[in-house]
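Each chain is listed here by its residues.
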Amino acid sequence: MITGIHHVTAIASDPKKNVAFYTQFLGLKLVKKTVNFDDPTTYHLYCGDSTGAPGSILTFFPWPHSFRGRTGAAQATVTAYAVPRDSLDHWIARAKEYNVPVSGPAERFGEEYITLRDPDNMAIELVASAAPALGEDVTPRSLHSVTLTEWNLGPTADFITSLLQFTPVAEHGNRTRYLTGGPGFLDIETVPDQRRGSSGAGIVHHIAFRTPNDETQKAWHEKIASSGHSISPIMDRNYFHSIYFREPGGVLFEIATDPPGFAVDEPASQLGQSLKLPVWYEERRAELEASLPALV
């Protein structure tokens, strides 16, 4: 069973600018500061709500001085957060005050939204779909949706409906919206003449969907493998377990477990305050701490 979007992972350049935008401007919390398990010379930074709940998390691999990528077909091109329904004027004014590029408001599927650009020009939509604000709290509530840009709707639509059991719920022009089994929609934008995107800073690396536990993840692994699609082994990411595979259009998908969560190696009250390493890198802690840039 898939129960919504778990997280979105993207590539960034300057880690300080990245953290400043998502925590100081957007209001998310840095809930985990660790390293890329496949390249420990760079951070893996996790931002989300106060506890890092699945469905609120946006993570980054920041490679300083990396080239900026190009958005296009065969990519996840937009990540959207739900914000209170009465908050878009606030966000537009805040973006202008802090010189953050902003466009909109516009409307899609009966919801108003604006589009922001982070320091690497990655598109972040704020969708006025959450409950009205309580007092002055207008911070993003959870991931609202992720948009895929594809040349051809058919193969990807068949994959996500027949295999992943997503449900089409609405159409708007060249865009089809799918319910992912829980919070968070997957939108597919079909653009047959779009050039292929290229990887780099400002580009989404993969989308992770939720599953409740290891047993359901193992069942998904067996189902996807038996369908003839290539899939990774189950991988331990400390804060969840992961499997990776590509949908027919080429976008990398992940299915991640909800547990054990981000409080597994530090108290919930201290999330994101210190560098956390997997056990196999602990002997390199001094070296890695010296090589990683300080985050302020």
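Note that the structure is predicted; figures quoted are calculated from it, not measured.

Enquirer: For this particular structure, what's the right way to read the overall build of the chain?
Expert: For the chain, the helix and strand inventory stands at five helices and 16 strands. Reported as C-alpha extents along the three principal axes, the dimensions of the chain are approximately 55 × 50 × 35 Å. Looking at the chain residue by residue over its 296 residues, the buried ones come to 53%. Counting only carbon and sulfur atoms, one obtains 52% of the accessible surface of the chain, whose full area is about 12800 Å². Separation between the mean location of the 25 positive side-chain charges and that of the 34 negative ones in the chain comes to 4 Å.

Enquirer: Can you help me understand the sheet that holds strand β1 (residues 5-12) in this one?
Expert: Backbone-to-backbone hydrogen bonds pair the strands of a sheet. The strands run either parallel or antiparallel. Taken together, the eight strands give an open sheet; going across it, the order is β2-β3-β4-β1-β13-β16-β15-β14, and neighbouring strands pair in mixed fashion. The strands lining the two open edges of the sheet, one partner per strand, are β2 (29-36) and β14 (235-236). Where strand β15 (residues 241-246) meets strand β16 (residues 252-257), five bridges bridge the pair, whose relative direction is antiparallel. The residue of β16 that forms the bridge with R246 is L252. Running over the sheet, helix α1 (residues 15-25) touches β1, β2, β3 (39-48) and β4 (57-62) and is turned about 10 degrees from β3.

Enquirer: Quick question: what am I supposed to make of the side chain of R237 here?
Expert: Turning to its location among the elements, R237 is positioned in the loop between β14 and β15. In this structure, R237 is in contact with F37, D38, S242 and Y244, ignoring residues within four places of it in sequence.

Enquirer: Explanation requested: the environment of V31 in the structure shown.
Expert: Tracing the chain through its elements places V31 in strand β2. Judged by relative accessible area, V31 falls into the buried class, the value being 0%. The spatial distance from the C-alpha of V31 to the C-alpha of T9 is 14 Å, given a sequence separation of 22 residues. Beyond its immediate stretch of four places on either side in the chain, V31 contacts Y46, C47, G48, D49, S50, T51, G52, F262, E266, L271 and G272.

Enquirer: How should I be thinking about the packing of aromatic side chains in this particular structure?
Expert: Within a pair of aromatic rings, the relevant descriptors are the distance that separates the centres and the angle that separates the planes. The tally for this structure, following the rule as stated, stands at 16 aromatic pairs. With a centroid separation of 6.1 Å and an interplanar angle of 75 degrees, the aromatic rings of Y46 and Y239 are classed as edge-to-face. In this pair, Y46 is assigned in strand β3 and Y239 in the loop between β14 and β15, connecting sequence segments 193 residues apart. Here the two residues Y46 and Y239 agree in accessibility, since each one is buried. Put simply, the rings of F21, Y22, F25, F60, W91 and Y98 touch in pairs and so form one group of aromatic residues. It is R108 that lies over the ring of Y113; its NZ or CZ is 4.1 Å from the centre. If you follow R177 out to its NZ or CZ, it ends over the ring of F185, 4.7 Å from the centre.

Enquirer: So what exactly am I meant to see when it comes to the environment of K276 here?
Expert: For K276, the location among the structural elements is in the loop between β16 and α5 (285-291). Using a relative accessible area of 18% as the deciding quantity, one classes K276 as buried. Put simply, K276 and A225 are 51 residues apart on the chain and 33 Å apart in space, counted from C-alpha to C-alpha.

Enquirer: Hey, could you run me through the pairing of strand β9 (residues 142-150) in this one?
Expert: Every other side chain in a regular strand lies on the same face of the sheet, so the side chains alternate between the two faces. Taking burial as the measure, the nine residues of β9 include eight buried ones, the bulk of the element. Two elements, β9 and strand β12 (residues 185-190), share six bridges in a ladder whose sense is parallel. Note that in β12 the partner of T149 across the bridge is E189.

Enquirer: In this structure, what is going on with the nonpolar core? I would like to understand it.
Expert: Note that soluble globular proteins tend to have their nonpolar side chains buried in a common cluster. By size, the foremost hydrophobic cluster in this structure holds 62 residues, and its most contacted members are Y22, L126, I160, L164, L186, I207 and F253. The residues touching L186, leaving out its near neighbours within four places in the chain, are V146, L148, I160, F166, T176, R177, Y178, T180, I207, F209 and F253.

Enquirer: Would you explain the side chain of H44 in this entry?
Expert: Along the polypeptide, H44 turns up in strand β3. A polar contact of 2.8 Å, which involves the side chain of H44, links it to the side chain of T59. With residues up to four places along the chain from it excluded, the contact list for H44 reads T9, K32, K33, T34, V35, N36, T59, F60 and F61.

Enquirer: What should I look at first to understand unusual backbone geometry in this one?
Expert: The general pattern is negative phi for most residues beyond glycine and trans for most peptide bonds. Geometrically, the link from G104 to P105 is a cis peptide bond, its omega value of 15 degrees lying close to zero. Mapping P105 onto the fold places it in strand β6 (residues 102-108). Between P259 and the following residue, P260, the backbone shows a cis peptide bond with an omega angle of 5 degrees. Position of P260 relative to the elements: it lies in the loop between β16 and α5. Of note in the backbone geometry, N99 takes a positive phi value of approximately 55 degrees without being a glycine. Locating N99 in the fold gives a position in the loop between α2 (88-97) and β6.

How each quantity is defined
Residues numbered from 1 in each chain as written. Predicted model: local features only at pLDDT ≥ 70, side-chain atom pairs only at ≥ 80, totals over all residues. Heavy atoms only, no water. Helix = DSSP H or I, 4+ residues; strand = E, 2+ residues; numbered from the N terminus. Buried < 20%, exposed > 50% of the residue type's maximum accessible area, 1.4 Å probe, protein only. Areas by Shrake-Rupley, 256 points an atom, 1.4 Å probe, with all protein chains shown as cover. Lys, Arg positive; Asp, Glu negative; His and termini not counted. Charge placed at Lys NZ, Arg CZ, Asp CG, Glu CD. Pairing = 2+ DSSP bridges. Contact = heavy atoms within 4.5 Å. Axes fitted to C-alpha atoms, helices over the stretch in contact; angles between N-to-C directions. Phe/Tyr/Trp six-rings, centres within 6.5 Å; stacked < 30°, edge-to-face > 60°. Lys NZ or Arg CZ within 6 Å of the ring centre and 35° of its normal. Core = buried A, V, L, I, M, F, W, Y, C linked by side-chain atoms within 4.5 Å. Polar contact = N/O pair within 3.5 Å; in protein donor to acceptor, adjacent residues only side chain to side chain.

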